Amino acid sequence: MFEAFVREVGSGQPADLVRAARRAQAAGFGVLALPGLPLGAVYALSGPALLPPLWVAVLAGLGALLAALVLRLAHSAARDPGQPPARAVLTAALQSGGAPAVPFLLGCTLLAQPPAVVALWALAGLGYAAAWNRVPGWVQAAGPRRT
């Protein structure tokens, strides 16, 4: 996987940079989110008090707000004129991996409440799709800066 990533970054082709950025995005999400599963499982085994639906909705709203903020910051990083285009796109992709990680991790804290987990992980899926769909635009915006 690493060899393909290096090859795609170095090719200079927009389609390859999109693939490399999406690999970086997936890696960013994995690094942030995967530790939440075992930690959430251990917490669920401790028998935590269940949250009322209103608080679950508040957490979902907070997760959505933080995910949107992460995407906004990644968008800014993608358009950083002080960075080479490929680096700006890859920085944005790595950062955008945090957008779905926020609601995913919140869901991991509620593993004892399956409906809450489903809601938060669905929100994480939407965040991942939103970040995934932004990558080609970032690559296209970086294209004119190439020499």
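As a reminder, the structure under discussion sits directly above these lines.
Since the model is a prediction, treat every value here as computed from it, not as a measurement. (Residues numbered from 1 in each chain as written. Predicted model: local features only at pLDDT ≥ 70, side-chain atom pairs only at ≥ 80, totals over all residues. Heavy atoms only, no water.)

Enquirer: Just checking my understanding: could you explain the nonpolar core for this structure?
Expert: Generally speaking, nonpolar side chains in soluble globular proteins are found buried as a group. If you look at the biggest cluster of nonpolar residues, it comprises 16 residues, and the most contacted ones within it are Ala-21, Val-89, Leu-90, Ala-92, Val-135, Trp-138 and Val-139. Elements with a minimum of two residues in this core: helix 2 (14–33), helix 4 (53–78), helix 5 (85–96) and helix 7 (114–142). In terms of residue count, the dominant contributor to this core is helix 2 (five residues). Once residues within four sequence positions are removed from consideration, Ala-92 is found in contact with Ala-74, Ala-77, Ala-78 and Trp-138. (Core = buried A, V, L, I, M, F, W, Y, C linked by side-chain atoms within 4.5 Å. Buried < 20%, exposed > 50% of the residue type's maximum accessible area, 1.4 Å probe, protein only. Helix = DSSP H or I, 4+ residues; strand = E, 2+ residues; numbered from the N terminus. Contact = heavy atoms within 4.5 Å.)

Enquirer: Explain the packing of aromatic side chains to me, please; I cannot follow it from the model alone.
Expert: Between two aromatic rings, the relevant description is the distance of the centres plus the angle of the planes. Taken as a whole and judged by the stated rule, the model has four aromatic pairs. Consider the rings of Phe-29 and Phe-104, whose centres lie 5.6 Å apart with planes at 75 degrees: the pair is edge-to-face. Placement of the pair is Phe-29 in helix 2 and Phe-104 in helix 6 (residues 98–108), with a sequence separation of 75 residues. For the pair Phe-29 and Phe-104, a shared accessibility class is recorded, and that class is buried. Each residue in the set Phe-29, Phe-104, Trp-121, Tyr-128 and Trp-132 is aromatic and connected to the rest through ring pairs, giving one cluster. (Phe/Tyr/Trp six-rings, centres within 6.5 Å; stacked < 30°, edge-to-face > 60°.)

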